[in-house]
Amino acid sequence: MVETTPARHLLIPFAGRGSPACRAALPGLRLPRLEALLARLAPAGTDTQDDTTFSPPHERALAAALGLQAADGCIPWAAQDARRLGLPGSEGDTAWGWIDLCNWQVDVSDVVLGDPAHTQLEAAESQALLDAARPLFEEDGIGLHATPAPGRWLASGELFRALPTASLDRAIGHSIAQWSHITDAGRPLRRLQNEIQMLLYTERVNDQRTARGLPPINSFWLSGTGALPASVQPDGAEPTIVAALRDAALRDDGDALAAAWQAVDAGPVAELLATCESGADVALTLCGDSAAQRFSVQQRGFSGWVKRTFGSRPRAAAVLEAL
């Protein structure tokens, strides 16, 4: 019996970026492994929306790979997370959402969402804030649960069943007003958020953080909302997600993005190229602000060989600029 190399699928969020510094960096990228890989692959589908969707292209691409179908802003990531953690009610039709503790950066003209990953929140701080906030959530019929990630809670309740919410990857670094569109069904959330902000203002945890020179936790961001009925089991093969470009993209740091792309080209992309060259079926999905482009192995045989050998090699930068 001949063993076959398992298929692989690499999904790269923020491969292209429309913010000024990152977009300026794209034309100068030299990514020889990516170009060699693209020369061996063929376009296999494009998902193009726009950059105002709550669910960014990489989340839509991941959902498609897993066989999850949902409206914009309602991909049930939190429900899937709750199921993986085995939380009470996660095997049924309960609706869930992610609650990420964050720092809203306030100035005289706007309020901007800071990246929760940069709060340096400790597990004990997260638990203390959860204990303080739980009664306010429970008044609205919302259950709160800790997760292994400090600063991220899982919330369960009917409020989240059909409530579209913007991904953190859309909202970080932008005005709160741009992404916190709350429908009539979500108005209790607006009141709850105001109550939590008042609570956080008085919390000792924030006094201690301020004394250590850390930003206070002054609000939360809700995302990943929706229900995952027991009858729905994600059945697709989960791709390998490359997260190395995210931080530079969200900060609009063109130099850092270029350096991160060089590392990705020399690492995960080079590995996928080697797997492809060994004869395995592979797939690559490149995601930007408005589009996700999937590539898969070209046709086998003589015609495929001719295209790979004599066809023009695509410029990686041009592919990324189109995302």
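Data block above holds the structure.
Let me sum up the structure you'll find in this document. Since the model is a prediction, treat every value here as computed from it, not as a measurement.

## What to know about the layout of surface pockets
Looking at the largest pocket, its volume works out to about 810 Å³. As for the largest pocket, its lining consists of 39 residues, of which E59, W98, R152, D169 and R246 are closest to the centre.

## Details of the pairing of strand β1 (residues 8-12)
Most of β1 is tucked away: four of the five residues are buried. Pairing analysis gives five bridges linking β1 to strand β10 (residues 282-287), with the strands arranged parallel. Its bridge partner being in β10, I12 is matched across the sheet by L286. In this sheet, strand β9 (residues 240-241) lies alongside β1 in parallel orientation, the contact comprising two bridges. Paired with L10 across the bridge in β9 is T240.

## Some points on helix α5 (residues 123-138)
Taking 1.5 Å as the rise per residue, α5 with 16 residues should run 22 Å; its terminal C-alpha atoms sit 22 Å apart, in good agreement. Maximum bend of α5: about 35 degrees, positioned at A132, with proline P135 one to four residues after it. The complete set of buried residues in α5 reads E125, S126, L129, L130, A133, L136 and F137. Buried residues in α5 make contact with β3 (95-102), β6 (143-146), β7 (152-156), α8 (187-202), α9 (204-211) and β8 (219-227).

## So, empty space enclosed by the protein
Applying the stated criterion across every chain, the model contains two cavities of 30 Å³ or more. Approximately 50 Å³ is the volume found for the second largest cavity. Contributing to the lining of the second largest cavity are F14, R17, P56, P57, H58, D169, R170, G288 and D289. Of all the elements in the fold, those that place two or more residues in the lining of the second largest cavity are α3 (57-66) and α6 (168-171). For the lining of the second largest cavity, a count of residues per class yields three nonpolar, two polar and four charged.

## Considerations on the pattern of salt bridges
As enumerated under the stated definition, the model contains 16 salt bridges in all. Here D115 ties to R246 by a salt bridge, and the two come within 3.5 Å at their closest N and O atoms. Linking D115 in the loop between β5 (111-113) and α5 with R246 in helix α10 (residues 246-251), this pair joins segments that are 131 residues apart in sequence. Accessibility expressed as a relative area gives 23% for R246, which makes it partly exposed. In this structure, the salt-bridge partner of R191 is E195, at a minimum N-O distance of 3.1 Å. Taken together, the positions of R191 and E195, both in helix α8 and four residues apart, correspond to about one turn of that helix. Residue E195 is classed as partly exposed on the basis of its relative accessible area of 25%.

## Observations regarding the nonpolar core
When a protein is soluble and globular, its nonpolar side chains tend to lie buried together. Counting residues in each nonpolar core, the largest one holds 47 residues, and the members touching the most others are I12, L113, W221, W261, L284, L286 and L320. The element best represented in this core is helix α11 (residues 254-277), accounting for eight residues. Membership of the second largest hydrophobic core comes to 25 residues, among which are I99, I142, F160 and I196.

## Concerning unusual backbone geometry
In this model, F14 sits at a positive phi of 60 degrees, which is unusual for a non-glycine residue. Within the fold, F14 resides in the loop between β1 and α1 (20-25). For F14, a relative accessible area of 3% gives the class buried. Positive phi, normally seen in glycine, also occurs at Q120, with a value near 55 degrees.

## As for the sheet that holds β8
The sheet built from four strands is open, its strands ordered β6-β7-β3-β8 with antiparallel pairing. Each edge of the sheet is formed by a strand with only one pairing partner; in this case those strands are β6 and β8. This sheet shows a mean twist of 25 degrees between the axes of neighbouring strands, independent of strand direction. Of the pairings in the sheet, the one linking β6 to β7 comprises four bridges and is antiparallel in character. In the strand pairing of β7, L144 is matched with A155. The strands touched by helix α4 (residues 77-85) within the sheet are β3, β7 and β8, with β3 carrying the most contacts at an inclination of about 95 degrees.

## What about the state of the cysteines?
Enumeration according to the criterion identifies zero disulfides in this entry. C22 carries a free sulfur, and the closest cysteine sulfur to it, the one in C287, is 15 Å from it. Sulfur of C276: no disulfide; nearest cysteine sulfur belongs to C287 and is 19 Å away.

What counts, and where the lines are drawn
- All residue numbers here refer to positions counted from 1 along the written sequence of the relevant chain.
- For this predicted model, a pLDDT threshold of at least 70 governs which residues receive local features, and a threshold of 80 or more governs which side-chain atom pairs are given and counted, while totals over whole chains, interfaces and linings are taken from all residues.
- Excluding hydrogens and water, the side-chain figures rest on all heavy atoms present in the structure.
- Using only the protein atoms, space was sampled on a 1 Å grid; points where a 1.4 Å probe fits but cannot get out form cavities, open sets with protein on both sides within 12 Å along at least five of seven lines form pockets, and lining residues are those with an atom within 4 Å of a point.
- Grid points are joined across faces, edges and corners, and a volume is the space filled by probe spheres set on the points.
- Working definition: with a 1.4 Å probe on protein chains only, accessible area under 20% of the residue-type maximum means buried, over 50% means exposed, and in between means partly exposed.
- Numbering of helices and strands runs from the N terminus; a helix is a DSSP stretch of H or I covering at least four residues, while a strand is a stretch of E covering at least two.
- The pairing criterion is simple: DSSP has to find at least two bridges between the two strands.
- Residue count minus one, scaled by 1.5 Å, sets the expected span of a helix.
- Note that the bend at a residue is defined as the angle between axes fitted to the seven residues ending at it and the seven residues starting at it.
- In this analysis, two residues are considered to be in contact whenever any of their non-hydrogen atoms come within 4.5 Å of each other.
- The classification used treats Ala, Val, Leu, Ile, Met, Phe, Trp, Tyr, Cys and Pro as nonpolar, Asp, Glu, Lys and Arg as charged, and all other residues, Gly among them, as polar.
- Salt bridges, as used here, are contacts in which a Lys or Arg side-chain nitrogen is within 4 Å of a carboxyl oxygen on Asp or Glu.
- Throughout, nonpolar core names a set of buried Ala, Val, Leu, Ile, Met, Phe, Trp, Tyr and Cys residues whose side chains join them through atoms within 4.5 Å.
- Geometry is summarised by axes, namely lines fitted to C-alpha atoms with helices restricted to the contacting stretch, and by angles between N-to-C directions that run from 0 to 180 degrees.
- For the purposes of this analysis, a disulfide is any pair of cysteine sulfur atoms at a distance within 2.5 Å.

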